[in-house]
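Summary of the model geometry
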Amino acid sequence: MLADLTAGAVADAEARLLERPFADVEKAALAQRPARDALAALAPAARVKIIAEVKRASPSRGDLADIPDPAHQASLYEAGGASAISVLTEGRRFKGSLADLEAVRARVDVPVLRKDFIATDYQVWEARAAGADLVLLIVAALEQHDLRRLHDLTVELGMTPLIETHSADEVDRAADLGARLVGVNARDLSTFELDKDLFGRLAPRLPEDAVKIAESAVLSPADVAHYRGAGADVVLVGEALVTGDPVATLASFLDAAPDRSTTERSRA
């Protein structure tokens, strides 16, 4: 499944390249205002932080929500306290687009993540041209030399790479890059099976100086608390926000997770 999704995303990027040459995308990317500081926005704090996702559909769940106005959806997330917004730009199975990302970027002030199956330099330049502050790079989809090249290009363009992992070996590969944002996805993108305890098992292996992000399988406040208790600094939430009241849901999620300062005082 992951190989098919990546191949499809690359094929779509190649089609866009025929319509918008690399030089044009590069010019647009360099003309963008500097990327927002995602590391500062997502830095560990007493309260858990949330990346809220604009997500219409997925291969595992099918259609989730129409979201005719992704910018409005993102503005609700920002009002509800999200620290960053993730925008699915993959069109075949997730029904997203770069236009969604551009619309969200124009509406909100928090950092915006391009979430897609990135495997080429052109896709990274596209992300910056559309105003992205972060780019998702999936370790399982890339050979290490390609992962490093795309990581370094993302940093060179002023954006922050979010390195997504699914195993101990992938965490080690992320650490080898010097990754500052490392996510653990509870969903295996090869089989689409879920393992809510994967983050907790891998957390001790994550780089100490990295922001630790738990992804997927977040449907209730209890799920946020579970990840927070396992050491997550940030939780990425999609389905629960697009299928309900996003502001109320965010409030319940932010209130559910233990406050680290309170926990530390109680232990002392």
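Calculation criteria
- Residues numbered from 1 in each chain as written.
- Predicted model: local features only at pLDDT ≥ 70, side-chain atom pairs only at ≥ 80, totals over all residues.
- Heavy atoms only, no water.
- Helix = DSSP H or I, 4+ residues; strand = E, 2+ residues; numbered from the N terminus.
- Buried < 20%, exposed > 50% of the residue type's maximum accessible area, 1.4 Å probe, protein only.
- Lys, Arg positive; Asp, Glu negative; His and termini not counted.
- Salt bridge = Lys/Arg side-chain N within 4 Å of Asp/Glu carboxyl O.
- Contact = heavy atoms within 4.5 Å.
- Pairing = 2+ DSSP bridges.
- Axes fitted to C-alpha atoms, helices over the stretch in contact; angles between N-to-C directions.
- Expected span 1.5 Å × (residues − 1).
- Arc of directions from axis to C-beta.
- Right-handed = clockwise from strand over helix to strand, strands pointing away.
- Left-handed = near helix turned anticlockwise from the far one by under 90°.
- Nonpolar A, V, L, I, M, F, W, Y, C, P; charged D, E, K, R; others polar.
- pLDDT = per-residue confidence, 0-100.
- Core = buried A, V, L, I, M, F, W, Y, C linked by side-chain atoms within 4.5 Å.

A word on the side chain of Glu215
- Relative to the helices and strands, Glu215 resides in strand β9 (residues 211–215).
- Summary of buried charges: Glu215 has no salt-bridge partner, and the nearest side chain of opposite charge, Lys115, is 4.5 Å away.
- Ignoring any residue separated from it by four or fewer positions in sequence, one finds Glu215 in contact with Glu164, Gly183, Val184, Asn185, Ala186, Tyr227 and Leu236.

Remarks on the sheet that holds strand β1 (residues 49–54)
- The eight strands lie next to each other as β1-β4-β5-β6-β7-β8-β9-β10, forming a closed barrel whose pairing is parallel. Pairs of neighbouring strands in the sheet enclose a mean axial angle of 25°, with direction left out of account.
- In this structure, strand β7 (residues 160–165) lies alongside strand β8 (residues 181–185), joined through four bridges in parallel fashion. Bridged to Thr165 within β8 is Val184.
- In the packing of helix α8 (residues 168–177) onto the sheet, contacts are made with β7 and β8, and the angle to β7 comes to roughly 160°.

Considering helix α7 (residues 144–156)
- For α7, spanning 13 residues, the distance from its first C-alpha to its last is 18 Å, which sits close to the expected 18 Å at 1.5 Å a residue.
- Within α7, burial applies to Leu147, Leu150, His151, Leu153 and Thr154. Buried residues of α7, seen end-on, are gathered within an arc of 165° and therefore sit on one face of the element. Looking at α7, the residues exposed on the side facing more than 90 degrees away from the buried face are His145 and Glu156.
- For α7, the secondary structure elements touched by its buried residues are α6 (121–129), β6 (134–138), β7 and α8.
- After α7 finishes, the residue Gly158 shows a positive phi value of roughly 90°.

Focus: the pairing of β6
- Burial within β6 is extensive, with five of its five residues counted as buried.
- Every second residue of β6 is oriented toward a common face, with Leu134, Leu136 and Ile138 on one face and Val135 and Leu137 on the other, all of them buried.
- One ladder, built from two bridges, connects strand β5 (residues 112–115) with β6; its direction is parallel. Residue pairing across strands places Arg114 opposite Val135, the latter belonging to β6.
- The handedness of the β5 to β6 crossover, carried by α6, is right-handed.
- In this structure, β6 lies alongside β7, joined through five bridges in parallel fashion. Its bridge partner being in β7, Leu134 is matched across the sheet by Thr160.
- Handedness of the crossover joining β6 and β7 through α7: right-handed.

A closer look at the packing of helix α4 (residues 70–80) against helix α12 (residues 246–256)
- Interaxial distance between α4 and α12 falls to 8 Å at its minimum, and their mutual angle equals 35°. Relative to α12, α4 is oriented so that their crossing is right-handed. The segment α4 lies against α12, with Gln73, Leu76, Tyr77 and Gly80 engaging Pro246, Val247, Leu250 and Leu254.
- Classifying every residue of the contact of α4 with α12 by side-chain character gives six nonpolar, two polar and no charged.

So, the confidence of the model for the protein chain
- Summarising the model, the protein chain shows a mean pLDDT of 94, and 97% of its residues fall at 70 or more.
- With pLDDT under 50 throughout, residues 262–268 is counted as low confidence; its partners more than four residues away or in other chains account for one contact.

Structural notes on the pattern of salt bridges
- One pass over the full model with this rule turns up 16 salt bridges.
- Linking Asp116 and Arg114 is a salt bridge whose minimum nitrogen-to-oxygen distance equals 3.2 Å. Accessibility classification places Asp116 together with Arg114 in one group, the buried group.
- Ionic pairing is found between Lys196 and Asp223, a salt bridge with its closest N-O pair at 3.0 Å. Pair noted here: Lys196 is in the loop between β8 and α9 (198–202) and Asp223 is in helix α10 (residues 221–229), with a separation of 27 residues, a long-range link.

Here's the deal with the nonpolar core
- Residues Tyr77, Ile85 and Tyr227 are the most contacted members of the largest nonpolar core, which totals 70 residues.
- If one sorts the elements of this core by residue count, α6 sits on top with five residues.
- Here Tyr77 is in contact with Ala52, Glu53, Val54, Ala82, Ile85, Leu241, Val242, Pro246 and Leu250, once residues within four sequence places are set aside.
- One finds Ile51, Leu113, Leu162 and Val234 within the second-largest nonpolar core, a separate group that totals 22 residues.

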